[in-house]
Amino acid sequence: MKIAVYPGSFDPVTNGHLDVIERAARLFDRVIIAVIKNPEKTPRFSFQERMAMLKDSVIHCDNVEIGNFDGLLVEYLRKKKARSIVRGLRAVSDFDYEFQMALTNRRLAPEIETVFLMTDYRYSYLSSSFVKQIARLGGDISGLVPKAVAKHLKKNLTR
Ligand code: PNS
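Thresholds applied
- Residues numbered from 1 in each chain as written.
- Predicted model: local features only at pLDDT ≥ 70, side-chain atom pairs only at ≥ 80, totals over all residues.
- Heavy atoms only, no water.
- UniProt positions renumbered as here; feature names shortened; annotations may be inferred.
- Helix = DSSP H or I, 4+ residues; strand = E, 2+ residues; numbered from the N terminus.
- Buried < 20%, exposed > 50% of the residue type's maximum accessible area, 1.4 Å probe, protein only.

- The protein has the name Phosphopantetheine adenylyltransferase in an unreviewed UniProt entry.
- Within the UniProt record for the protein, the comment given under Function (unreviewed entry) is "Reversibly transfers an adenylyl group from ATP to 4'-phosphopantetheine, yielding dephospho-CoA (dPCoA) and pyrophosphate."
- Check the Pathway (unreviewed entry) section of the UniProt entry for the protein; it says "Cofactor biosynthesis; coenzyme A biosynthesis; CoA from (R)-pantothenate: step 4/5."

### Some thoughts on unusual backbone geometry
- Looking along the chain, the bond that leaves D11 and enters P12 is cis, with omega of 0°.
- Within the secondary structure layout, P12 lies in the loop between β1 (3-8) and α1 (15-27).
- The phi dihedral of F10 is positive, around 45°, even though this residue is not glycine.
- Considering the arrangement of structural elements, one finds F10 in the loop between β1 and α1.
- A relative accessible area of 3% means that F10 is categorised as buried.
- Positive phi outside glycine occurs at K81, with the angle close to 55°.
- For K81, the location among the structural elements is in the loop between α3 (73-79) and β4 (84-89).

In structure tokens:
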């Protein structure tokens, strides 16, 4: 069984992330979305909220589940018996960081491979930070995030 882990902070999940999740779900038998509990940058949403938003967004994907982790990503993959890390690539600007991270993970765990999936061009500019900013300033975020997330953001960020 081919198991992949798609890690991230998902603060919150956007349609760009969802596009990568759906692509990964078609390639692997099982996809575990791994929400980092305590990312370097303090998240706007708790990991429980970030997980709940993801859960509502991937309800239509049978082979996708949500997990969370702290510590080294490769250790989480070993625990889950997964061999692939999925990461989404938007524009060239993502490349430096992703390249560094993939090679660092390879140094730590040579048996684990990072697989990059290109998001649909419609989402190539999309980021969780801009989505939060738009929601906070009362802009329209429909089409940028899954419906369940839009509801959550409106309730929590427009106060
Ligand atoms: O969505 P993000 O914030 O770009 O995700 C980054 C994430 C969570 C994948 C990355 O920071 C991570 O894997 N952190 C866990 C710590 C770790 O394993 N570090 C060594 C490899 S860089």
